[in-house]
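# Tertiary structure, described
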Amino acid sequence: MSKLPPRLTAGVRSFLHLNLHEVRWQEHRWQLLIGVLFIALTATFFPHGQATQFADLREGDIYLGDQIIAPFTFSVNKTAEEYTRDKQLARANIYPVFVRNDSLTTSQFSRLQDFLTEIEYILDSISPDSIKTRKLQEVFSRHSTTLANTGAAVLLQSMKRNHLSYKEFLQQLARVARDLYSIGILNVERTALPEHTSKVSIRTGANEMVEELENVNTTVSLNNAILQKLREIENIKDPAVTLGYQILTTFLGPNLLFAQRETEARIAEAVGRVPLARGTVLQHEKIIESHEKITKEHLQKLKSLESEVAKRQMSEGTWRWLLPVLGRFLIIAVALGVLAAYLIIWREELYADLNKLVLIALILALVLFLSFLVKRFEVSEYLIPVALAPMLLTIFFDAQVGFVGTVSLSLILGSLRGNEFVTTFTCFMVGLAGILAVRKLRSRAWLIKAILFLGAAYFTIVTTIAFLLFSPVARLLDNLLYSMLNALFCPILTYGVMVILEYLFDVTTDATLLELSDLNRPLLHELALRAPGTYYHSILVGTLSEAAAEAIGANSLLARVGSYYHDIGKIEKPEYFVENQKGGKNPHEKLAPSMSCLVIINHVKRGIEIAESNGIPKDLRDFITQHHGTNLVAFFYKKAQELSEDAELHESTFRYPGPKPQTKETGIVMLADAVEATVRAYREPSVSRIRHIVSGIVAERFTTGELDECPLTLRDLNKIKESFERTLNGIYHGRIQYAGDAKNPFLREKRSAMQQNPNEEDDSDIDKEATAHA
């Protein structure tokens, strides 16, 4: 039997290690807690109390299964729309209840009668009109109203003219009040009642009658009713109508009180009596035949059968009731186990990073929650943004994590939607399209690319499924419309969620790296102005690192952008670094070696401070601290040894503080930084010289253990060396000889010397160049 690859063997052992009895579970308690919480949360998204055997059937499709016969007699439940409509009808048939308050009516009418009697007594007196007017005004004032001169004239002059007498006028006011009270006056407005209300129920003692709402007055319509009845009185003039209106509106009030609690109780009782069932299916009755077109009636019968089966299982005991719940937890656990096994075996760094595990769980849970909402509101399943999770996982991590996450999501989403093959297939295929669209973000047009990829995937999937299920054309067009809307808005939603999660979890995506790669950004522009040599060096390191990262399958964009910022600390005191010394004096000549070493090493610390103040993400700040690792500043260390032969020197004083590179990308930049600085120290490096330098630096970094903590393999290092050599040979290619060069004695002499010693070049400044640059 052939042996497994070492990487796979180690991963399997790590995975199996979780199952051994001697494992310390506390080491994995947080990972287990995240998994348990995710499973519990996802289980709540399943429809409660419902089976899912027929959930993938759709109206208008052709049923391809076996004939279904009713195993027992059961009731056919109403659809949600039918049940809602019947409940609304039940509510509409209950009229608002109003109770006639006779004591309130008697009290209000008695006050009016007393007022009218007092007026009549004043008018019957033999006092002068001026005295009568004053007394009438006092009576009106006591009842919170006023008597105008025209009103007093109506009462006083009615005895002197052939008009309606004041006695008849007062009697007519009492009659109008009795008429309005006999009909009733509501204590609420019509707007406070349900819109469909056309009648009210009026209870007087033990008797109850239904009255048209338009025949009953409210506090607003009462004024119009008073005015209308006053104008119906014979021989009454407008001043008398105005006076009568003033009196009646002062004393009349509601006598029909709204019984809100009783009305709500009657509505609740009526709604409770609405039956859930609308028919019955007898035992052994055929429900649907194979290859029969599915109708609403078929779907409702099958859903009713599922509900009845679930109800009977629950009545059989607790164990039968727990089986569906246990099944949900198991299917989620199995689907999640696919992703967990991948992380444990192949991506141990992600499995150990709780921050990123929470991010993965949150992304998957977000899509599942949106699916739950789509199911809850009963809209098309093609509106579920299934590509959201695959695209986010690919953007935040890589295509491999995105693919495995898509597999787990497809299994969970299919079971969540009722074991729907269509949903699982759609999620998987659309997820793959999303992964392909965003697996390499190298331009800002990735949104358009994602929209096109998803649109093509949805069009292919929707039409394929429609042909497979013999779906009608109308349904096909609807599904295409919904899926195209999903393809349009899902990438936009992905971008919005990505920005939020980047901020919350401090994770750097390729989209952010694209923005930070702009050489016109203020920080890089300042580096170009203050330290042009370092700026040019950073660009070349970025070119080397990007090509090498491409060669070994690392994140080439991260390597390139990290190279741009790795020496940002040299903005301060750029003259202390040889690449910025334009043939002038070297300030290190006036410093002690230990002080020079401190200045050189300090550019790492200042780089971190500058990066943090400019909002550079942590993933890029790591290049600043790790691209030197714990290397020794050899030039100044040797110089210090020469100057202090007797004094004891601590080598750690002349070493960078680290840490060593932790990722492939930072390891590549460490090598590219040293290689570029060394090769640049030569005037015209040959191909063999470049090969010698690259091999020597890579070997030195490997043997000194600087690459021990990053996942670069020996195969990776060989590819990196080949990439460096290829790129450097392209940068420092041989110069084309022109005709005039032959006449130049300096060039002729130099070419002759190089032909005699092709591999020997001026090495006098190499060590000084490389170490001072470092």
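Residues numbered from 1 in each chain as written. Predicted model: local features only at pLDDT ≥ 70, side-chain atom pairs only at ≥ 80, totals over all residues. Heavy atoms only, no water.

This part covers the overall build of the protein. Looking only at helices and strands, the protein features 31 helices and 8 strands. Counting every position in the protein, which comprises 774 residues, the buried fraction comes to 45%. The contacts in the protein between residues at least 6 apart in sequence include a share of 78% that link residues at least 24 apart. For the protein, the exposed surface amounts to about 40800 Å²; the carbon and sulfur share of it is 57%. (Helix = DSSP H or I, 4+ residues; strand = E, 2+ residues; numbered from the N terminus. Buried < 20%, exposed > 50% of the residue type's maximum accessible area, 1.4 Å probe, protein only. Contact = heavy atoms within 4.5 Å. Areas by Shrake-Rupley, 256 points an atom, 1.4 Å probe, with all protein chains shown as cover.)

On inspection of all chains with the given rule, the structure shows 13 aromatic pairs. When the centroid spacing of 5.2 Å and the interplanar angle of 80° are considered together, the rings of Phe 635 and Phe 636 count as edge-to-face. Phe 635 sits in the partly exposed class, given a relative accessible area of 25%. Residue Phe 636 is classed as buried on the basis of its relative accessible area, which comes to 2%. (Phe/Tyr/Trp six-rings, centres within 6.5 Å; stacked < 30°, edge-to-face > 60°.)

With that settled, consider the environment of Tyr 245. In this fold, Tyr 245 is placed in helix 9 (residues 238-251). Through-space distance from the C-alpha of Tyr 245 to that of Ile 226 is 6.6 Å; in sequence the pair is 19 residues apart. The contacts of Tyr 245, once residues within four sequence positions are left out, are Asn 223, Ile 226, Leu 227 and Leu 230.

Another point: empty space enclosed by the protein. Applying the stated criterion across every chain, the model contains 2 cavities of 30 Å³ or more. Quantified by volume, the second largest cavity comes out at close to 60 Å³. Lining the second largest cavity, in full, are Glu 381, Tyr 382, Ile 384, Val 386, Val 422, Thr 423, Thr 426, Cys 427 and Tyr 458. When residues of the lining of the second largest cavity are assigned to their parent elements, the largest contribution, 4 residues, is made by helix 17 (residues 421-438). (1 Å grid on protein atoms, 1.4 Å probe; cavity = no way out; pocket = protein on both sides within 12 Å on 5 of 7 lines; lining within 4 Å. Points joined across faces, edges and corners; volume = space filled by probe spheres on them.)

The next thing to look at is the nonpolar core. Counting 131 residues, the largest nonpolar core has Phe 396, Tyr 565, Leu 620, Ile 720 and Phe 724 as the members making the most contacts within it. Setting aside residues up to four positions removed in sequence, Phe 724 forms contacts with Leu 544, Ala 548, Ile 668, Leu 671, Ala 672, Val 675 and Val 694. Residues Phe 109, Val 139, Leu 147 and Val 154 belong to the second largest nonpolar core, which totals 38 residues. (Core = buried A, V, L, I, M, F, W, Y, C linked by side-chain atoms within 4.5 Å.)

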